[in-house]
Protein chains: 2
Amino acid sequence: MTSTDRVPGSVSEHGPGATAVRPTRQRRAVAAALEAFDDFRSAQEIHALLRDRGESVGLSTVYRTLQTLADADEIDSLRTETGESIYRRCSGTHHHHLVCRSCGATVEVEGPTVERWTSAIAGEHGYTDVSHTLELFGTCRACAGR
Amino acid sequence: MTSTDRVPGSVSEHGPGATAVRPTRQRRAVAAALEAFDDFRSAQEIHALLRDRGESVGLSTVYRTLQTLADADEIDSLRTETGESIYRRCSGTHHHHLVCRSCGATVEVEGPTVERWTSAIAGEHGYTDVSHTLELFGTCRACAGR
DNA sequence: AAGGTAGGTGAGAATCGTTGTCAAATTGGC
DNA sequence: GCCAATTTGACAACGATTCTCACCTACCTT
Ligand SMILES: [Mn+2]
Ligand SMILES: [Mn+2]
Ligand SMILES: [Zn+2]
Ligand SMILES: [Zn+2]
């Protein structure tokens, strides 16, 4: 699982005009931090973790890196109720999340049913180029037992 | 549609301990502003509208009122991509939104299919007390035609 | 290997939506 | 009217995120 040394965001294009994305120490560190977590974390939390680990990375850089990764769909991001952006490594396929409100435990869920429903609804109303956001929040088994 | 004069947030309880929610000019103004719009608006936009109308209401009050209304499920609220909270009057039943990214035109959609799916998924994973967020974004017919 | 350059970094300042403060104003019940 | 509880709003404070910009660094070109 942690086999590839591929640097997040790296684009192996050739010739002139290729957008270079450099595998810097900072980008590797952020990517590694994401691997260390199983649940969603904020940019600030990741920044703090790296600082503690002694691999300090500037806060601006952490923000930039996370956004770049999210834009490239290499990590998932969502917003907490308080409007804070949180990030998590994710599988490559389209999916949604079932998150424990109490401990943050996250389960990736797929929903062909929902995917079909969303396109159908959008079509009925004449909307095109449709995207959707769907997140489930609840209390996981562990947290339910006090 | 604009028949009732019921003040948003009003709770008609009796006896000692009843939490009074007063129908002030400010609260009426915010409620009226929401009726004037058909799509989602931010607290600041509503504040500006009221100011222009000459029914100026303090920004803090606008924020407070909108949040109170949203907490009471009397209006819908969601977050833009930039993290800003926007509000809209809504029907009383549980529903979701299909919003035009371009002009903001909003359609309320219901989805027994989705509701069923979410509880099923949550149950399968042992999550209880589940809630969900689901929003659809697309381009409406009008905006699609240039 | 040296140099050139586009891309990357980070400390600190700036944004900006939102929340907190608190004295003054308003409301509803008596 | 009178009063206690509630509400208001100008203004300060917050806090997450973004911007600035001088300094680095990876990497391509001689
Ligand atoms: Mn989906
Ligand atoms: Mn639903
Ligand atoms: Zn949990
Ligand atoms: Zn539109």
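That block above? That's the structure.
The text that follows walks through the structure, step by step, so that each part is easy to find. Note on numbering: residues in each chain are counted from 1, in written sequence order. Written order decides the labels, with chains lettered from A and ligands numbered from 1. Predicted model: local features are reported for residues with pLDDT of at least 70 only, side-chain atom pairs are reported and counted for 80 or more only, and whole-chain, interface and lining totals are derived from all residues. No hydrogens and no water enter the side-chain calculation; it runs on all heavy atoms of the structure.

**What about the coordination of the manganese ion (ligand 2)?**
Consideration 1: The donor set covers N, O and S atoms within 2.8 Å of the metal, switching to 3.2 Å for Na, K and Ca, and it leaves out water, so a site may look short of donors. The manganese ion (ligand 2) binds to the protein through H94(B) (NE2), H96(B) (NE2), E115(B) (OE), E115(B) (OE) and H132(B) (NE2), with metal-donor distances spanning 1.8 to 2.8 Å.
Consideration 2: Ordering the donors of the manganese ion (ligand 2) by residue number gives the pattern H-x1-H-x18-E-x16-H.

**A short note on the interface of chain A and chain B**
Quite often, the size of an interface is put as the accessible area lost when its parts meet.
Consideration 1: Note on definitions: a residue-residue contact is assigned when non-hydrogen atoms from the two residues lie within 4.5 Å. Facing the 38 residues of chain A at the interface are 38 residues of chain B.
Consideration 2: Carbon and sulfur atoms supply 61% of the area buried between chain A and chain B, which totals about 3100 Å² over both sides.
Consideration 3: The shortest N-O distance in the salt bridge between R101(B) and D129(A) comes to 3.2 Å.
Consideration 4: Pairs of N or O atoms within 3.5 Å make up the polar contacts considered here, provided that, within protein, one atom can donate a hydrogen while the other can accept it, and that residues adjacent in sequence are counted only when both atoms are side-chain atoms. Joining chain A to chain B, the criterion identifies 16 residue pairs in polar contact (both at pLDDT 80 or more).
Consideration 5: By the convention adopted, Pro, Cys, Tyr, Trp, Phe, Met, Ile, Leu, Val and Ala count as nonpolar, Lys, Arg, Asp and Glu as charged, and the other residues, Gly among them, as polar. Looking at the side of chain A that touches chain B residue by residue, the classes come out as 17 nonpolar, 14 polar and seven charged.
Consideration 6: When DSSP finds two or more bridges between a pair of strands, those strands are recorded as paired. Helix and strand assignments come from DSSP, with helices taken as H or I runs of at least 4 residues and strands as E runs of at least 2, each series counted from the N terminus. In the sheet, strand β6 (residues 128–139) of chain A pairs with strand β6 (residues 128–139) of chain B via nine bridges, with the strands oriented antiparallel. Bridge assignment links T128(A) to a residue of β6(B), and that residue is T139(B). What gets called buried area is simply the loss in accessible area from a 1.4 Å probe that two parts show on being joined, summed for both. Throughout this description, the term salt bridge denotes a Lys or Arg side-chain nitrogen within 4 Å of a carboxyl oxygen of Asp or Glu.

**Side note on the side chain of R88(B)**
All names here are of chain B.
Consideration 1: In this fold, R88 is placed in strand β3 (residues 85–89).
Consideration 2: A distance of 2.8 Å separates the side chain of R88 from the backbone oxygen of D38, its partner in a polar contact.
Consideration 3: At a separation of 3.1 Å, a polar atom in the side chain of R88 contacts the side chain of E108.
Consideration 4: In this structure R88 touches L34, D38, D39, F40, I75, D76, H97, T106 and E108, once residues within four positions along its chain are discounted.

**Re the coordination of the zinc ion (ligand 3)**
All names here are of chain A.
Consideration 1: For the zinc ion (ligand 3), the protein coordination sphere consists of C100 (SG), C103 (SG), C140 (SG) and C143 (SG), at 2.2 to 2.4 Å.
Consideration 2: Only two sets of limits are used to name each site, 85 to 135 degrees for every angle of a tetrahedral four-donor site, and over 155 degrees for opposite donors with all other angles from 65 to 115 for a square planar four-donor or octahedral six-donor site, with any other site named irregular. Considering all four donor atoms around the zinc ion (ligand 3), angles at the metal cover 103 to 113° and the coordination shape is tetrahedral.
Consideration 3: Look at where the donors of the zinc ion (ligand 3) fall in the sequence and you get C-x2-C-x36-C-x2-C.
Consideration 4: Burial classes follow relative accessibility: with a 1.4 Å probe on protein chains only, a residue under 20% of its type's maximum area counts as buried, one over 50% as exposed, and anything between as partly exposed. Of the residues examined, C140 reaches a relative accessible area of 6% and is grouped as buried.

**Focus on unusual backbone geometry**
Consideration 1: Unlike most non-glycine residues, D73(A) shows phi in positive territory, near 60°.
Consideration 2: You can see D73(A) is positioned in the loop between α3 (59–71) and β2 (75–79).
Consideration 3: Overall, the relative accessible area of 62% leaves D73(A) in the exposed class.
Consideration 4: Of note in this structure, D129(B) is not a glycine but carries a positive phi near 55°.
Consideration 5: Residue position: D129(B) is located in strand β6.
Consideration 6: On the accessibility criterion, D129(B) (57% relative accessible area) is exposed.

**Concerning the pattern of salt bridges**
Consideration 1: Inspection of every chain in the model, using the stated rule, returns 12 salt bridges over all chains.
Consideration 2: A salt bridge links R89(A) to D38(A); the shortest N-O distance between them is 3.6 Å. Highlighted residues: R89(A) in strand β3 (residues 85–89) and D38(A) in the loop between α1 (25–36) and β1 (41–42), separated in sequence by 51 residues.
Consideration 3: Residue R89(A) is classed as partly exposed on the basis of its relative accessible area, which comes to 25%.
Consideration 4: In this structure, the salt-bridge partner of R89(B) is E35(B), at a minimum N-O distance of 3.3 Å. Separated by 54 residues along the polypeptide, R89(B) in strand β3 and E35(B) in helix α1 (residues 25–36) bring together distant segments of the chain.
Consideration 5: Linked by salt bridges that have partners in common, E35(A), D38(A) and R89(A) make up one network.

**What about the protein's contact with DNA strand C?**
Consideration 1: The local shell around DNA strand C holds 20 residues, among which T24(A), R27(A), Y63(B), Q67(B) and S85(B) are the closest.
Consideration 2: Between DNA strand C and G58(A) there is a distance of 2.9 Å, counted from a phosphate oxygen to a backbone nitrogen or oxygen.
Consideration 3: The contact in question runs from a base nitrogen of DNA strand C to an N or O atom on the side chain of R64(A), over 2.8 Å.
Consideration 4: Elements supplying a minimum of two residues to the surface near DNA strand C: α1 and α3 of chain A together with α3 (59–71) of chain B.
Consideration 5: Tallied by class, the residues present in the surface near DNA strand C amount to five nonpolar, nine polar and six charged. One heavy atom within 4 Å of a molecule or strand is enough for the residue carrying it to be called near that molecule or strand.

**Brief notes about the sheet that holds strand β5 (residues 106–109) of chain A**
Consideration 1: Here we have six strands laid out as an open sheet, ordered β5(A)-β4(A)-β6(A)-β6(B)-β4(B)-β5(B), and mixed in their pairing. Each having just a single partner strand, β5 of chain A together with β5 (106–109) of chain B make up the two edges of the open sheet. Here the average twist between neighbouring strands, direction ignored, is 20°.
Consideration 2: Examined bridge by bridge, strand β4 (residues 96–100) of chain A and β6(A) share four bridges and lie parallel to one another. Bridging across to β6(A), L98(A) finds its partner in L136(A). Axes, fitted as lines to C-alpha atoms, cover a helix only where it is in contact. Angles between the N-to-C directions of the axes lie from 0 to 180 degrees.

**Details of the relation of the copies chain A and chain B**
Consideration 1: Each copy is superposed on the other by least squares, with the fit set by C-alpha atoms of residues at a pLDDT of at least 70 in both. The transform that puts chain A on chain B rotates by 180° and translates by 0.0 Å along the axis, for an RMSD of 0.1 Å. Put plainly, the chains are arranged around a two-fold axis. No C-alpha of chain A approaches the rotation axis more nearly than that of L134(A), which lies at 2.2 Å.
Consideration 2: Taken as a fraction of all interface residues of chain A, those also at the interface in chain B reach 100%, which identifies the copy contact as same-surface.

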